Amino acid sequence: MKPDMSMEQFGDLAAAYGADFEQWPMEHQEPAIALVAMRPSETTELLKQEVGLDNNLAALPRQRPGVDLRNKILRSFVPSIATDTFSIAGLFEIIFGRGKHARGFAFVSVLLLVASGAVGGYLGGDLLINTQDTAVWDVQVFYDHSFVLEPGAGT
Amino acid sequence: MVRRIATGDSLAAQQLVDRHLDAMVAIARHMLNDPIEAEDVAQEVFLKVWVNAAKWKPGAALFRTWMHRVAINLCYDRLRKKREIYMETLPEQMDEDATTAEQTVEQRQIALQIETAMGGLAPRQRAALTLCHLQEMGNIEAASIMEISVEALESLLSRGRRALRAALHEQKQELLSK
């Protein structure tokens, strides 16, 4: 029976991924095992060359970051940096948080905002009219006043 | 999670740091062979995350892949700068390295030999070995991080392993001859 993998391909994969088949791409694992079963001495000879280097690489110390680094990174997280695109939904999320209740609060507050805007607009309109009336009255008073000063009036 | 970070959710930021900080430090440590620089790189990666989270479009690539790519590229930049400095201060550096190696215990000595050998590899070979052998990442993701094909990655891996084996063999011969 002809194997699915050639010795050359086996050698190339061992040279790239090492002796541990678990590190090989999934699609090559089964054919590699089949080839080892068919040609054990040649394949294990190739794998032996890679085992030493695999062990050396596994012996490299793994550096664990300190708590200080974690805290320093988290301190550098400023929400204002992250939010460089503005959205109404994002603003509500910042004010009210997330979740069903938060959405309820947000909805009620929008209603109150719209209602207060409408009332404010109505009252504001009234005030504007009053101001105009006052202005007209002021002008009338101004023109009712005599420009000719009566004798002794300025003293 | 990235969307939450973009809206300023500090809990999401915390989760992201807890999930990826170890890997970022490990990659930079193996690439640069310097624990302090490795932490600086990790910090820079997360700063880039905070700034770019809002611009992130899901679907283009995995966020994890993007983070690893940023880390590798930051390491390339530092290696490039280091090489420029190294060329200017070569004799002193070599003496210091030799003294340090003599003072270490056996296990540390082996690790140091490998680290030194790794340091002698081309940056791209080092990146390929770091991602596939030390981070145990799949070949497709590693190739995507390095923005190369799987075939190119495999070629980098075999050349890197061959060079590493040769360097270690050379070191062993030197030690035996002393």
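Residues numbered from 1 in each chain as written. Chains lettered and ligands numbered in written order. Predicted model: local features only at pLDDT ≥ 70, side-chain atom pairs only at ≥ 80, totals over all residues.

Asker: Quick rundown of the overall build of chain B? Include the residues and the values.
Answerer: On a plain count of helices and strands, chain B comes out with nine helices and zero strands. Written out in order from the N terminus, the α and β elements of chain B read α-α-α-α-α-α-α-α-α. Relative to its 178 residues, chain B shows a buried fraction of 36%. Within chain B, contacts between residues separated by at least 24 positions form 63% of all contacts whose residues are at least 6 apart in sequence. (Helix = DSSP H or I, 4+ residues; strand = E, 2+ residues; numbered from the N terminus. Buried ≥ 20, exposed ≤ 12 C-beta atoms within 10 Å, placed from the backbone. Contact = placed C-beta atoms within 7 Å.)

Asker: Break down the overall build of chain A for me, citing the residues and quoting the values.
Answerer: Helix and strand counts for chain A stand at seven helices and zero strands. Each helix and strand of chain A, ordered N terminal to C terminal, gives the series α-α-α-α-α-α-α. Counting every position in chain A, which comprises 155 residues, the buried fraction comes to 11%. Excluding contacts between residues fewer than 6 apart, the proportion of contacts in chain A whose partners are at least 24 apart in sequence is 59%.

Asker: I'd like a description of helix 8 (residues 139–146) of chain B, backed by residues and values.
Answerer: Taken residue by residue, helix 8 of chain B has N139(B), A142(B), A143(B), S144(B) and I145(B) as its buried positions. Of the residues one or two after helix 8 of chain B, E147(B) is the one with positive phi, at around 55°.

Asker: I'd love a proper account of the nonpolar core, names of residues and values included.
Answerer: Residues and elements named next belong to chain B. M24, A28, A42, V45, A71, C75 and A128 are the most contacted members of the largest nonpolar core, which totals 54 residues. With twelve residues, helix 2 (residues 10–32) is the largest single contributor of residues to this core. If we ignore the near neighbours within four places in the chain, the residues touching V45 are M24, M67, V70, A71 and L74. (Core = buried A, V, L, I, M, F, W, Y, C linked by C-beta atoms within 7 Å.)

Asker: Quick one: what's the story with the interface of chain A and chain B, residue by residue and with numbers?
Answerer: Every contact between the two is made by 32 residues of chain A and, on the other side, 40 residues of chain B. Taken together, the elements giving at least two residues each to the side of chain A that touches chain B come down to helix 1 (7–17), helix 3 (40–58), helix 4 (67–75), helix 5 (79–82) and helix 6 (88–96) of chain A. With five residues, helix 4 of chain A is the largest single contributor of residues to the side of chain A that touches chain B.

Asker: With reference to specific residues and values, describe the confidence of the model for chain B.
Answerer: Residue and element names in this part refer to chain B. Across chain B, the average pLDDT comes to 83, with 84% of residues at 70 or higher. Highest mean pLDDT in chain B belongs to helix 8 (94); lowest belongs to helix 5 (residues 90–103) (48). Here residues 89–96 is modelled with pLDDT under 50, and outside its nearest four sequence neighbours on either side it reaches one contact, counting other chains as well. Model confidence for the complex: the whole-complex pTM is 0.65, and ipTM, which rates the interface, is 0.71. (pLDDT = per-residue confidence, 0-100.)

Asker: Lay out the packing of helix 7 (residues 123–134) of chain B against helix 9 (residues 150–177) of chain B in plain terms, naming residues and giving numbers.
Answerer: All names here are of chain B. Remark: helix 7 packs on helix 9, axes separated minimally by 8 Å, with the N-to-C direction vectors making an angle of 100°. Regarding the angle of helix 7 to helix 9, the classification is roughly perpendicular. Residues R124, Q125, R126, A128, L129 and C132 of helix 7 form the contact with helix 9, whose participating residues are L153, L156, L157, R159, G160 and A163. Across the contact of helix 7 with helix 9, the residue classes break down as seven nonpolar, two polar and three charged. (Axes fitted to C-alpha atoms, helices over the stretch in contact; angles between N-to-C directions. Parallel < 35°, antiparallel > 145°, perpendicular 65-115°, else oblique. Nonpolar A, V, L, I, M, F, W, Y, C, P; charged D, E, K, R; others polar.)

Asker: Kindly report on the confidence of the model for chain A, identifying the contributing residues and their values.
Answerer: All names here are of chain A. Here chain A shows a mean pLDDT of 75. Residues at 70 or above account for 63%. Per-element confidence in chain A is highest for helix 1, whose mean pLDDT is 94, and lowest for helix 5, whose mean pLDDT is 54. Scored below 50 in pLDDT, residues 136–143 shows zero contacts in the model against residues more than four places distant or in partner chains.

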